[in-house]
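Report on the structure
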Amino acid sequence: MKEFTYAKVNDTILRNLSRPGAAYLAVAALLACGVLVGALCWRHQILVGIGVGGQNNPVAWGIYLVLFVFWVGIAHSGTLISAILYLFRARFRTAVARSAEAMTVFAVTTAGLFPLIHLGRIWVVHYMLPFPNQRELWPNFHSPLMFDMVAISTYLTVSSLFWFTGLIPDLAAVRDSATGLRRRLYGLFALGWDNSQRNWRHHMRAYLFFAALATPLVISVHSVVSWDFALSVIPGWHSTIFAPYFVAGAIHSGLAMVITLLIPLRKVQKLESIITIDIFEKLAKVVILTGLIVGYAYLFEYFMAHYSDSHFEIDIFNFRAVGGFAGPFWIMVICNSLVPLLFFFRRVRRSIPWLLGISLLINVGMFYERYVIIISSVAHDFLPYAWGSYFPSKIEIGIAIGAFCWFFLFFWLFTRFIPTISIAEIKEELPKPVKLAGGVHGSH
Amino acid sequence: MNRRDFLKLTGLTGTAAAAAACSEEPARLLIPFLNAPENIVPGAASWFATSCRQCPAGCGVLARNREARIVKLEGNPDHPVNRGALCARGQAGLQDLYSPDRLQSPGLRQAEAVQKPIGWAEALAAFQAEAAKAAPKIAVLSGLENGFHADLLAHWLARAGSSQILFYEPLSYDAVREGNRIALGQDLLPTYDFSSCDFLLSIAADFLETWISPVELTRQFTAARDPGGPKAGFVFAGTRLSMTGANADRWIALRSGREKDFSFALLAAVVKAAPAGAASASGAREDVKRLVAKLDPAALARRADVEPSVVQALAARIAAADRPFVLADGDADAVVAANLINLWTGSAAACMDFSRPLALSGVAKGASVRALVEKMAAGDIRMLVVHKTNPVYSLPGFAEALGKVPFVAVLDSFSTETSQMAHLTLPVHTAYESFGSFVPRKGLVDLMQPTMGPVAGSKPLEAILAPDAWPEPAQGQPQDPSAVLRRLGSALELPEGKAAPEKMLSLLARGFAEEQRRPAGPASLSPQLDGYAYRAGEEPDGLSLVAYPSLRWFDGRDANKTWMLEIPDPLSMITWEDWIEVHPERAARERLAEGDLVQIQTPGGRALIGVHITAGVHPETVAIPLGLGHTRLGRFADGIGANALALTGGALRVAGISIPKTGENRPFAHVDGSRSQHGRGIAQSIHEAGGHGHGGPEAAAGEAHEEFPVRIPIETAHDPKADIYPAHGHDKYRWGMVIDLDRCIGCSACVAACIAENNIPSVGRKRVLEGREMAWIRIERYVEEQENPGIRFLPMLCQHCDNAPCEAVCPVYAPHHDKEGLNTQIYNRCIGTRFCSQNCPYKVRRFNFFHYERTPPLNMQLNPDVTVRTKGVMEKCSFCIQRIKDAHQTARLEKRLIRDGEVVPACAQACPARAIHFGSYLDPESGISKLAGDERAYQVLAELGTKPAVIYLKKIVRNAGLETA
């Protein structure tokens, strides 16, 4: 980045916000169609009943909850990268923090859909809100689902605000280079940013505080999500390892998703000079760590099951590994804990095709991890007479496709409307300009 | 104006305004404001006594009438046959009444191929005209009747100058009657009573499911095997392991068609083992000795595929027992030998009362039915009246003969294969809409009365047969109930003579009249063995097929009922279709897998059927249930399964068949996730103390988790070390249930009762395959492979835990622990997260994945006391909270507490085995409190600390004592 000047940074990043071409619009239209498919499937489900999905007795939770956990997990590394790495002054985050945060916000938004889609009676979902009412009915705060609601909405609020706070100087930069309605719109969101010392002081403080505030959420949100399972009595769920296990898995999947998204992004937006291979290498090293933690969790679930000497626990883990769930189980183990070990090789870490391939495999593996956990335990719990199985229906797959399209549509719009890299932070990384002109030097 | 008046006024004006506004559509009122029918009080039920006519047993039932509709059938507690219990088929009689396939109007077929609906006047005119034309070559073929309706039919027939009336039942027990005639000199079916026997052997008689009078025999069986008293041993010998066999101490697998060999082997062994001959008449003793003198028990046993030592051991047990009793069916020779054993041991006179023959004794024997068919085929019958029976389905060859009869009139309540072939169909009332009488056995008369108004466009039999069946015009018109009642009264032969008209109403209210003293019977039972000898059957070796009456569809008459299709078979756990039972050895040999479709080929026909692999059938035999394979019975039954009666030529067994594979596999809609309990100790058992070498209760300790003590879900049982949350306080009652697994026979009467009481939808085959069945109570069937017969039944329902996992996880408190310990489900509050179901260790919660419709008029059966749940909400057993609330009302009006036993949930009420007990744990004197202290008591998954309110009593596994040293 040595050869960059402030002006060149602006130019490199902001040129991506120009009027979109046909290819961009076509992709956006395709994604919108996918969202529409999902919406129509949901409409059908509301009209006919949850039975259009594959859920049954005993597997009352299906792919919706799998995707819920999957997307909440994806949401994690955004905050990890932007907040925790910020606090640790890990400079490699600068180039990827913006996209990672955007991914977080969109992933939480996507995840938040699923508890709603999954409800048997969405039309009375307001019963979950603690509003005063004549009947003195109150939600049950013992229920992990209430924890979920609080945790997810907190996380969405904080991560959106954090993201927005970081965006303000960049929105001002876009405003300054734009005209007409565009200028007024960006101006509105730039909140009257005038690049003053006071602005910067407040901004930097606020960003730091938000980073500090968001950090515990990285741990708490997925811990809370894990309690949906860990606080139950079901074998394979009722385990204290769940919170750290889920958090590690979440970061694992989130990092993989960041890599998956950034590789095409840098290609499309020609950002190779800013999002360098060194950054990917560092991300890959973190993936090794999270992959090892996840692998450790897989191993220790087995150890604990056998150590507990509980018939039910041992049976469920055998069922997963060598029984009816062996297929998904081994996909999970191989993709999540074995494949990432390839990153120990420097050549693999620094090869874009390898990076993309492995990160995609981790995404698949993390989906299967949730599938294995959520489906297998209840399919094979205490009473053998009540054992069952589950397979997603067409409607559920339609909604899943809709959700993926929903996420990618938001991300696609993001790449065109918001600077995908923090202009201000990149400039901090640059060497100070040698000649100080008297006038305006580069626009922030 | 106070609040009440205000509400009344608002309601009144609101209703009036609504009524005025909706003038376009005629107002349809549930109960008219003016001239409301008598006996209808909104919200209050009336009970009408009548007789269950679903099978020939003749149980007494009470029909619960709410707002002029029958919503539930329960056994009449005073009735001597069933004493308040009612089997699943009996309860499903409601689905006959409300069948969407009821005949709505008379139909006439002339030149054209299909019947056309016609008016009643025209139909009756045609009926009378054809009868006049055909007289006297008229015959009546009717389902079993022996009271008022039999009388009407006979009278009508006599007017036409004929007396050819046959009461036809597909299951006519000819073999039993023939066996009784030869061995005991009685060509009858006796009233059985083996409740005080100490050893029972059944040879192919499935008396807990369908055989003769299952509810009554179940009661006797459980009385003989009462876990509290001296327990009778029970051994079952048969080709397949029926539900009756599953309740035995030992199942002896017989080769198909060799029941008589086994039976005679045993007779010979008994004669040797018990030379005293007990109470048998001396003449008979010599006859029997002569009969078995040349028989070699070992060879006979081997013919039946039984170890000779087993027969020896069995004979020894019979000889050692005070009162052993052998029931038999299958073939007449087997029954002869069984009866001779009973005669030899002196139990024949004690357990079989021939002075009170059963109604089934009046059923036409196969030979006379065949004679009628021949006459029909020969053109000797000009007009045939078929009344409430379906021989085209159940009698192979009948359809061809029927084609030769110039005029066929079918009098039935719904369309059948027979009515489809008729020239004239006349819809007749079901038993629940008619006056009538039925004599289940001599000395006992059931009275039937209309329990509600007609549902379909049918008429009572007396109105159809009038005027010819209505001898005295002075007695009024047959449409006039009081005239019918008078006629019914005059036709009744009560023990104390004719019923006085003023007594008729009280008789109807009671539902039956019984003679107190035993009628004079035959002086002695003497065998008619002249010229009789054991002859080995000529059964060809090879694969044979056995068809057996189904617990759910009986002989096929109950096949068009969604309840009977959806309640799983107690052993195969399959719903909505039939199957062919194949032994695992044969399946392995022929590479058959569960659900493989085979083309079964018999001399009687062929059919596609799915393979169900079970060790509960002799390896050289395959078995299929009776009852399906209908073509024109109704929308639910048509087109599924195979007609086993046709396949076996009506004989229920046929040899030399083949079951070639088709290569297709069609998964069964079965409801069991696993046949085995995987050593989890869910349905627990103990071995009988002091049994034959198997040790006491501690011998079973290895079955895992039994060590957990029973923790009764009341405050005093709260243990701060085990319970995180504080104890629940309970007002006055803590409802709970005790289920005695030693009594439970798996018959599913409770399931039917629950379905009827709680408006549980039948979801259909597709939904069952998807795992969306809705029953609140299910009979879990586990197979213990190491044991014989090794079947465990466990009724599983909401356990109403004190520490309910479902309650904690619901975000909106829809599952809620109430002040009487009930785990209530508040449907209105439920948002459908299904977390409760996920977290329920017993998996008893049921989710409404769809909005389930009931085909009208089946919806008329819905119990108005219970909400019909909408899509998207969770539901489960409520311990029949509506009945608890009802008891509260009564108790409060009478200013007292609810008495123990006052609340009886539907399942407990129906149970023929009296396995289910209900009450409050807060009352230390209550029945369940005492039972909970039994040494057999345990809670399912007690180690989870949920403290279930349902406590089970372990099954006692008894040693049959047939081990060969």
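The structure presented is a predicted model; accordingly, all values stated were derived computationally and were not measured. Every chain is numbered on its own, with residues counted from 1 as its sequence reads. Labels are handed out in written order, letters beginning with A for the chains and numbers beginning with 1 for the ligands. In keeping with the predicted nature of the model, local features appear solely for residues at pLDDT of at least 70, side-chain atom pairs appear and are counted solely at 80 or more, and the whole-chain, interface and lining totals rest on all residues. Hydrogens and water molecules were not included; the side-chain quantities draw on all heavy atoms of the structure.

**What about the overall build of chain A?**
Where we set the bar: Numbering of helices and strands runs from the N terminus; a helix is a DSSP stretch of H or I covering at least four residues, while a strand is a stretch of E covering at least two. All radius of gyration figures rest on C-alpha atoms, and the globule criterion is 2.2 Å times the number of residues raised to 0.38. Here's how the labels work: a residue is buried when its accessible area is under 20% of the maximum for its type, exposed when over 50%, partly exposed in between, all with a 1.4 Å probe on protein chains only. Two residues qualify as a contact provided that any one of their heavy atoms is within 4.5 Å of a heavy atom in the partner residue. In this tally, Asp and Glu contribute negative charge and Lys and Arg positive charge; neither His nor the terminal groups of the chain are included. Positions of charges follow a simple convention, taking NZ of Lys, CZ of Arg, CG of Asp or CD of Glu.
Of the regular secondary structure elements, chain A holds 15 helices and zero strands. In terms of overall dimensions, chain A is globule-like: its C-alpha atoms have a radius of gyration of 23 Å, near the 22 Å expected for 444 residues. Counting only C-alpha atoms and orienting by the principal axes, one finds that chain A spans roughly 80 × 60 × 40 Å. The buried share of chain A, reckoned over its 444 residues, is 59%. Across chain A, contacts joining residues at least 24 apart in sequence account for 80% of those joining residues at least 6 apart. Once the 34 positive and 22 negative side-chain charges of chain A are each reduced to a mean point, those two points are 13 Å apart.

**Comments concerning the interface of chain A and chain B**
Much of the literature gives interface size as the accessible area that the parts lose upon coming together. In plain terms, the rule: Accessible area, probed at 1.4 Å, shrinks when two parts are joined; the buried area is that loss added up over both. Here a salt bridge means any side-chain nitrogen of Lys or Arg lying within 4 Å of a carboxyl oxygen belonging to Asp or Glu. Side-chain atoms alone can form a polar contact between residues adjacent in sequence; in general such a contact is a pair of N or O atoms within 3.5 Å, and within protein one must be able to donate a hydrogen while the other accepts it.
Taken residue by residue, the interface counts 49 residues in chain A and 61 residues in chain B. Of the roughly 4500 Å² buried at the junction of chain A and chain B (both faces included), carbon and sulfur atoms supply 58%. Looking at the side of chain A facing chain B, the largest losses of area belong to Asn57, Leu383 and Tyr385 of chain A, adding up to 20% of the total buried there. The interface formed by chain A and chain B holds two salt bridges in total. Residue Asp315 of chain A pairs with Arg680 of chain B through a salt bridge whose shortest N-O separation is 2.8 Å. At the boundary of chain A with chain B, the tally comes to 37 residue pairs in polar contact (both at pLDDT 80 or more). Mapped by element, the contributors of at least two residues to the side of chain A that touches chain B are helix 2 (22-48), helix 5 (144-177) and helix 10 (311-322) of chain A.

**Re the pairing of strand 14 (residues 383-387) of chain B**
All names here are of chain B. What counts here: Strand pairing requires that DSSP identify at least two bridges connecting the strands.
Among the five residues of strand 14, five are classified as buried, and the element is accordingly described as predominantly covered. On strand 14, burial covers both faces: Met383, Val385 and His387 on one face and Leu384 and Val386 on the other are all buried. Pairing of strand 6 (residues 138-142) with strand 14 involves five bridges; the strand directions are parallel. Paired with Ser142 across the two strands is His387, which belongs to strand 14. Both strand 14 and strand 15 (residues 407-412) contribute to a ladder of five bridges, which runs parallel. Considered in strand 15, the bridge of Val385 is made with Ala409.

**With respect to the layout of surface pockets**
Residues and elements named next belong to chain B. Put simply, the rule is: Using only the protein atoms, space was sampled on a 1 Å grid; points where a 1.4 Å probe fits but cannot get out form cavities, open sets with protein on both sides within 12 Å along at least five of seven lines form pockets, and lining residues are those with an atom within 4 Å of a point. Grid points are joined across faces, edges and corners, and a volume is the space filled by probe spheres set on the points. Residue polarity is assigned by list, with Asp, Glu, Lys and Arg as charged and Ala, Val, Leu, Ile, Met, Phe, Trp, Tyr, Cys and Pro as nonpolar; anything else, Gly included, falls into the polar class.
What the largest pocket holds in volume is close to 1200 Å³. Lining the largest pocket are 46 residues, and of these Pro170, Gly330, Gly650, Ala651 and Leu652 lie nearest its centre. For the lining of the largest pocket, the secondary-structure elements that each account for two or more residues are helix 6 (174-184), strand 10 (233-238), helix 9 (259-273), helix 15 (366-377) and strand 20 (544-548). In terms of residues, the lining of the largest pocket owes the most to one element, helix 15, which gives five residues. Estimated volume of the second largest pocket: approximately 960 Å³. Lining the second largest pocket are 37 residues, and of these Ile724, Tyr725, Asn803, Ala804 and Ala808 lie nearest its centre. At the level of elements, helix 27 (805-809) and strand 31 (815-817) are the ones that each hand at least two residues to the lining of the second largest pocket. The dominant element in the lining of the second largest pocket, judged by the number of residues it contributes, is helix 27, at four residues. Looking at side-chain class alone, the lining of the second largest pocket contains 19 nonpolar, twelve polar and six charged residues.

**Section: empty space enclosed by the protein**
Residues and elements named next belong to chain B. Estimated volume of the largest cavity: approximately 560 Å³. In this structure, the largest cavity is lined by 31 residues; those nearest its centre are Arg53, Lys388, Thr389, Phe414 and Arg557. The residue inventory of the lining of the largest cavity, partitioned by class, reads eleven nonpolar, twelve polar and eight charged.

**Focus: the packing of helix 3 (residues 63-87) of chain A against helix 5 of chain A**
Residue and element names in this part refer to chain A. Applied cut-off: Here an angle of 0 to 180 degrees is reported between the N-to-C directions of two axes, which are lines fitted to C-alpha atoms, with helices fitted over the stretch in contact. Roughly parallel means an angle under 35 degrees; roughly antiparallel, over 145; roughly perpendicular, 65 to 115; everything else is oblique. Throughout, a crossing is termed right-handed when the near helix is turned clockwise from the far one, and left-handed when it is turned anticlockwise from it by less than a right angle.
Taken N-terminus to C-terminus, the directions of helix 3 and helix 5 make an angle of 40 degrees; their axes are 11 Å apart at the nearest point. On the basis of their axis angle, the class for helix 3 and helix 5 is oblique. In this structure, helix 3 meets helix 5 at a crossing whose hand is left-handed. Along its contact with helix 3, which presents Phe68, Val72, Ala75, His76, Thr79, Ser82 and Ala83, the element helix 5 presents Asp148, Ile152, Tyr155, Ser159 and Phe162. Of the residues contributing to the contact of helix 3 with helix 5, the split by class is seven nonpolar, four polar and one charged.

**Focus: the sheet that holds strand 1 (residues 45-51) of chain B**
By way of backbone hydrogen bonds, the strands of a sheet pair with one another, either parallel or antiparallel. All names here are of chain B. The strand order across the open sheet built from three strands is 1-2-3, with neighbouring strands paired in antiparallel fashion. If you trace the sheet from one side to the other, it starts and ends with strand 1 and strand 3 (69-75), each paired once. Neighbour to neighbour, the strand axes of the sheet diverge by 30 degrees on average, direction disregarded. Bridge count for strand 1 against strand 2 (residues 60-66) is seven bridges, and the pairing is antiparallel. When the bridges of strand 2 are listed, Phe48 appears paired with Ala63.

**Examining the environment of Leu188 of chain B**
Residue and element names in this part refer to chain B. Inspection of the secondary structure puts Leu188 in the loop between helix 6 and strand 8 (191-192). Assessed through its relative accessible area of 22%, Leu188 is described here as partly exposed. Separated by 490 residues in sequence, Leu188 and His678 place their C-alpha atoms 48 Å apart. Not counting residues up to four positions away in its chain, the partners in contact with Leu188 are Arg177, Asn180, Phe354, Pro357 and Ser361.

**Thoughts on the packing of aromatic side chains**
Selection rule: Pairing of aromatic rings covers Phe, Tyr and Trp, the last through its six-membered ring, and needs centres within 6.5 Å; plane angles under 30 degrees mean stacked, over 60 mean edge-to-face, and all others mean tilted. Only Lys NZ and Arg CZ are tested; either one counts as a charge over a ring when it is within 6 Å of the ring centre and within 35 degrees of the ring normal.
The full count for this structure, using the stated rule, is 62 aromatic pairs over all chains. On the basis of an interplanar angle of 50 degrees and a centroid distance of 5.2 Å, the ring pair of Phe411 of chain A and Phe414 of chain A is categorised as tilted. Placement of both Phe411 of chain A and Phe414 of chain A in helix 14 (residues 394-417) is noted, with a separation of three residues, approximately one turn of the helix. Each member of the pair, Phe411 of chain A together with Phe414 of chain A, is buried. In this arrangement the basic side chain of Arg53 of chain B is found over the ring face of Phe438 of chain B, its NZ or CZ atom lying 4.0 Å from the centre. Over the ring of Tyr127 of chain A we find Arg829 of chain B, and its NZ or CZ is 4.9 Å from the ring centre.

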